[in-house]
Amino acid sequence: MAVSIQEGDIDDIAAATALVNEIDRTRVSTVAGARHRLLQAPPEARRNWWAARDGETLVGWGTAGIDHDTTARSGYLNVSVLESHRRRGIGAALLERALAHLGDSARIQASATEAGRGFAERYGFRHTHTRRMSGVDPRTVDTGELETAEARTASLLEVGPEQTFAVDAESVVDQPGDDPIDAVGYKQWLVDHWAFPDYDLELSRAAVVDRRAVAVTFVIVDRGSRRALNAYTGSLRAYRGRGFARLAKLDLLRLLAELGFELVLTENDETNAAMLAINNRLGYTPIESRYSYILDRRPE
Ligand SMILES: CC(C)(COP(=O)(O)OP(=O)(O)OC[C@H]1O[C@@H](n2cnc3c(N)ncnc32)[C@H](O)[C@@H]1OP(=O)(O)O)[C@@H](O)C(=O)NCCC(=O)NCCS
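Since this is a predicted model, take the numbers as computed values, not measurements.

**Some remarks on the domain arrangement of the chain**
Once the domains are mapped, the chain shows domain 1 (3-105) and domain 2 (135-288). For domain 1 and domain 2, the distance between their C-alpha centroids amounts to 27 Å. Contacts between the two partners involve 20 residues from domain 1, matched on the other side by 22 residues from domain 2. Here domain 1 packs against domain 2, burying approximately 1,700 Å² in sum over the two surfaces, 52% of which is carbon and sulfur. Broken down residue by residue, the surface that domain 1 buries against domain 2 is led by Val-28, His-36 and Asp-69, which jointly contribute 38%. Counting the contacts that link domain 1 with domain 2 gives zero salt bridges. Joining domain 1 to domain 2, the criterion identifies eleven residue pairs in polar contact (both at pLDDT 80 or more).

In structure tokens form, the structure reads like this:
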């Protein structure tokens, strides 16, 4: 039976989440999170998505949008095809839809696993950054240092959205990447992050000094598979180099170990020396790499 490519609908998001999780085993994401990203983005993000179906079965998924968190406003896209259906032109057809949707974007970002690199390069995307996915069993981490630490740790729910935003928005600008994340407004941040269903804000931690959060760390948990993803960590510039980010992450690992989690994953740019040093010291070891790509083109 021929594979059909169509605009996806909201009901496809559940099958699409299963598909992308199957293709990329180190993802920790849920249907609620995927729905939120696609449906709660602001209009200027121009989110759209396409489904490739073999009969009733979803075999490919493509998404596209404009990065509303940056002044660069680059486009971005992602294409995934089930292994059983690769090398049959499905990825190319999904890519074509996504590129057409981003017709007026001169710069388009994509992320590839090892399996997607040849495809991205075939279409003229150039490799810009490599990210390292690493993991640790939190039950093996010595958290004794928390007893004598000079900062208090607290849940992000306890410190609240305003303090969390202050640390997140200041620190994320310094995260290595293709476009600086320099246009994060509080109102949209509340939607994108504070209300993001995949974040467990009770377990996500802050290091608190002078009665305010100075470092924050977010976590996504999958209790079924006992895996978690330490999604983002940042600290206020004035408080860097004093171990507060590491403290927040250490407290998170302690909580996850107590809850019986067996694997905590994290992803870092290979040039992010500070965060890689923290993670090495916490016991994280590399699992695999992810590749950032950019396509430069003349807008249509
Ligand atoms: C990348 C991916 C979507 C490709 O899907 P696909 O349906 O197999 O791709 P297509 O069959 O449409 O291939 C289109 C072209 O890319 C080439 N191509 C596909 N995969 C390739 C690979 N791994 N290495 C080299 N070339 C590749 C094909 O040969 C074809 O070229 P041709 O037109 O010259 O014959 C799929 O491998 C995947 O889901 N990977 C994991 C997710 C990912 O990394 N996505 C990258 C987003 S940019």
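**Description of the sheet that holds strand β2 (residues 48-54)**
Reading across from one edge, β1-β2-β3-β4-β5-β12-β6-β11-β10-β9-β8-β7 is the order of the twelve strands in this open sheet, with mixed pairing throughout. Each end of this open sheet is capped by a strand with a single partner; those strands are β1 (3-7) and β7 (152-155). The average undirected angle you get between the axes of adjacent strands in this sheet is 25°. Here strand β8 (residues 205-209) pairs with strand β9 (residues 212-222) via five bridges, running antiparallel. Note that in β9 the partner of Arg-205 across the bridge is Thr-217.

**Here we look at the nonpolar core**
If you look at the biggest cluster of nonpolar residues, it comprises 50 residues, and the most contacted ones within it are Leu-156, Phe-218, Phe-244 and Leu-256. Excluding its chain neighbours within four sequence positions, the residues that come into contact with Phe-218 are Leu-156, Thr-164, Asp-168, Trp-189, Tyr-199, Leu-201, Ser-204, Leu-229, Asn-230, Ala-231 and Tyr-232. Counting 32 residues, the second largest nonpolar core, distinct from the first, contains Val-20, Leu-38, Trp-50 and Leu-95.

**Side note on unusual backbone geometry**
Of note, Arg-211 is a non-glycine position whose phi angle comes to about 60°, a positive value. The topology assignment puts Arg-211 in the loop between β8 and β9. One non-glycine residue, Arg-226, lies in the positive phi region at around 55°. For Arg-226, a relative accessible area of 39% translates into the label partly exposed.

**Some words on the packing of aromatic side chains**
Inspection of the entire model under this criterion finds eight aromatic pairs. Each residue in the set Phe-165, Tyr-186, Trp-189 and Trp-194 is aromatic and connected to the rest through ring pairs, giving one cluster. A cation sits over an aromatic face here: Arg-117 above Tyr-291, 3.7 Å from the ring centre. Its guanidinium or amino end placed over the ring of Tyr-123, Arg-122 lies 4.6 Å from that ring's centre, counting from NZ or CZ.

**Some remarks on the site of the ligand**
As a matter of local geometry, the ligand sits amid 21 residues, with Val-81, Arg-87, Gly-91, Ala-92 and Arg-122 nearest to it. In this structure, Ile-90 approaches the ligand through a main-chain N or O atom, which is 3.5 Å from an oxygen atom. In this structure, an oxygen atom belonging to the ligand sits 3.0 Å away from a main-chain N or O atom of Thr-113. For the ligand, whose free accessible area comes to 930 Å², the fraction covered by protein is 78%. Elements represented by at least two residues in the shell around the ligand include exactly β4 (75-81), α3 (90-101), β5 (107-112) and α4 (117-122). By residue class, the composition of the shell around the ligand is ten nonpolar, seven polar and four charged.

Calculation rules
Residues numbered from 1 in each chain as written. Predicted model: local features only at pLDDT ≥ 70, side-chain atom pairs only at ≥ 80, totals over all residues. Heavy atoms only, no water. Domains from an automatic or database assignment. Contact = heavy atoms within 4.5 Å. Buried area = accessible area lost by both parts, 1.4 Å probe. Salt bridge = Lys/Arg side-chain N within 4 Å of Asp/Glu carboxyl O. Polar contact = N/O pair within 3.5 Å; in protein donor to acceptor, adjacent residues only side chain to side chain. Pairing = 2+ DSSP bridges. Helix = DSSP H or I, 4+ residues; strand = E, 2+ residues; numbered from the N terminus. Axes fitted to C-alpha atoms, helices over the stretch in contact; angles between N-to-C directions. Core = buried A, V, L, I, M, F, W, Y, C linked by side-chain atoms within 4.5 Å. Buried < 20%, exposed > 50% of the residue type's maximum accessible area, 1.4 Å probe, protein only. Phe/Tyr/Trp six-rings, centres within 6.5 Å; stacked < 30°, edge-to-face > 60°. Lys NZ or Arg CZ within 6 Å of the ring centre and 35° of its normal. Near = heavy atom within 4 Å. Areas by Shrake-Rupley, 256 points an atom, 1.4 Å probe, with all protein chains shown as cover. Nonpolar A, V, L, I, M, F, W, Y, C, P; charged D, E, K, R; others polar.

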